Amino acid sequence: MLALSLAALAGTIAVRTLALDSPVTLLDAEAVAPAPAFDLDGAARRVGEAVRFRTIRASDEAYAPEFDRFHEWLASAYPAAHAVMQKEVVAGRTLVYTWAGSDASRPAMLLLAHHDVVPVTGGTDSQWSHPPFSGTVADGAVWGRGTIDDKGSLVAIFEALEALASHGFRPARTVIVVSGHDEETGGTGAAAAAQLLRSRGTQLEFVLDEGLATVTDFPLLGRPVALVGVAEKGYGTLRITAPATGGHSSAPPPETGVEVMARAVLAITSQPFPMRFDGPAADMLRALAPHAPLPVRVAVANDWLFEPLLVRQLASTPGGAATLHTTIAPTMLRGSPQENVLPQDAAAWINYRIAPGHSAAAVLDHARAATGGLAVEIDWQRPPYEPSRVSSTGSDAFRLIATLASERGSVPVAPGLVTATTDSRSFADLAGDVYRYQPIHASMREFEMIHGTDEHLKLENLERLVTFYARLVATAAR
Ligand SMILES: [Zn+2]
């Protein structure tokens, strides 16, 4: 009897493994328009020029003129694109470009690429191979802050539009480009741009922003994998306050505010949200499984049996674990201002990244339940963002992006979850689908240069970017 049940089990596992099919389907090669000719060396030089503007924080007097000069430079570098597009400025310095299509009945497409950059951490300038705001072209790459995040993409979009416009392309579908000026510090520009489009009743077929890319050493496969973000996590920070009576630390009460606050933080973090093999992380593995070794295929096709194993595998790195649940990260603490003074109130800040399918309200409930009985007050530091919807992998736009990312079928493509936040969240209600992908190839290690030291864009990646955006617009907007 046992032998019979084991045989049946083995049979089920085998059948399910054989039936496993990727949720990603590609377009025929001839369904995608070719890219117009463009000048790669010129594009590299222009990425370098773009990097030299220190567009760090528009709210800072010292940097504000850099933004204005960058906008003037963009207009002079791309005259043909500027001649066919209408340019508007919202929220002070966010750029909204519209290339009106001939068919007003079709929803528009929106490309996003912000032009603010993060600063270089004090004292690390000298560790760069080339100064971070030099925009040096050397060793087959453009070097500097923003070459990947995200000026490289913005310049590539304009290279593509300039080439299309000068070769006589005229879109049937309206093409909109929004370049936020404060993506790294809140995204108010993108929100204002979305409000402008909303006030006009603009419908968007799809949105494409930064978020994920092609990872050349994807762990399960050990080869390049293109990950297209179909969702992004929500974001919120809870402030935990433990009110206390201050006073001199020579005569402390049985418990100080610091202790209550510390207990509250531990109570919350000792009850992590369960990790689940579902949503975009599970879809990613389902898409990659057909390209993976047999044991992975068997496990993914039979997740009803192997879910604990799959979760353990994915959760073996912090980045992988973050795709499986809402994360809880205590980041800041405040006690009294001096070592011999009891705090008037002690406070802790816990940053959450909320998984798709979860909610900010559930996070707040969890924190309140975990700290029940402790004298603390808990509230959001600022209104939280809910996680995004999960965009379709069956839409025309996804299939086009996936086809371009696959580089003639040589790179497996999978949907993925963006664990950070992007400007695209502001446009969710206007768009059928939102995707987050840059066609850049880099190793897991190389991606650490983003917001870090030695950020650089290889010329082969710049070529990929321009070609990708040109073919995307030429196909989706024709
Ligand atoms: Zn960015």
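Our subject is the structure listed above.
Residues numbered from 1 in each chain as written. Predicted model: local features only at pLDDT ≥ 70, side-chain atom pairs only at ≥ 80, totals over all residues. Heavy atoms only, no water.

A.B. asks: Residues and numbers for the sheet that holds strand β13 (residues 345–354), please.
C.D. replies: The antiparallel open sheet is built from four strands, whose spatial order is β11-β13-β9-β14. Whereas interior strands pair on both sides, the edge strands pair on one side only; in this sheet they are β11 (327–334) and β14 (377–380). Averaged over all adjacent pairs, the angle separating strand axes in this sheet is 25 degrees, with direction ignored. Here β11 pairs with β13 via seven bridges, running antiparallel. Its bridge partner lying in β13, L333 is registered against A348. The sheet strands contacting helix α7 (residues 257–269) are β9 (234–243), β11 and β13, and the helix crosses β13 at an angle near 15 degrees. Where helix α12 (residues 360–370) meets the sheet, it contacts β9, β11, β13 and β14, and its direction lies at approximately 165 degrees from that of β14. (Pairing = 2+ DSSP bridges. Helix = DSSP H or I, 4+ residues; strand = E, 2+ residues; numbered from the N terminus. Axes fitted to C-alpha atoms, helices over the stretch in contact; angles between N-to-C directions. Contact = heavy atoms within 4.5 Å.)

A.B. asks: Which residues make up the packing of aromatic side chains, and what values do they have?
C.D. replies: On inspection of all chains with the given rule, the structure shows 11 aromatic pairs. With a centroid separation of 5.9 Å and an interplanar angle of 80 degrees, the aromatic rings of W99 and F169 are classed as edge-to-face. In this pair, W99 sits in strand β2 (residues 94–99) while F169 sits in the loop between α5 (151–166) and β6 (175–179), placing the two residues 70 residues apart along the sequence. With respect to class, W99 is no different from F169; both count as buried. Taken together through their ring pairs, the aromatic side chains of F53, F70, W73, Y78, Y97 and F158 make up a single cluster. Residue placement shows K151 over the ring face of F70; its charged tip is 5.3 Å from the ring centre. Its guanidinium or amino end placed over the ring of Y385, R425 lies 4.0 Å from that ring's centre, counting from NZ or CZ. (Phe/Tyr/Trp six-rings, centres within 6.5 Å; stacked < 30°, edge-to-face > 60°. Buried < 20%, exposed > 50% of the residue type's maximum accessible area, 1.4 Å probe, protein only. Lys NZ or Arg CZ within 6 Å of the ring centre and 35° of its normal.)

A.B. asks: Break down the packing of helix α13 (residues 396–405) against helix α14 (residues 459–476) for me, with residues and values.
C.D. replies: For the pair α13 and α14, interaxial distance at closest approach is 10 Å and the crossing angle is 145 degrees. The element α13 and its partner α14 pack so that their crossing is right-handed. Contacts between α13 and α14 involve L400, I401, L404 and A405 from the first element and F468, R471, L472, T475 and A476 from the second. Its residues assigned to classes, the contact of α13 with α14 shows seven nonpolar, one polar and one charged. (Left-handed = near helix turned anticlockwise from the far one by under 90°. Nonpolar A, V, L, I, M, F, W, Y, C, P; charged D, E, K, R; others polar.)

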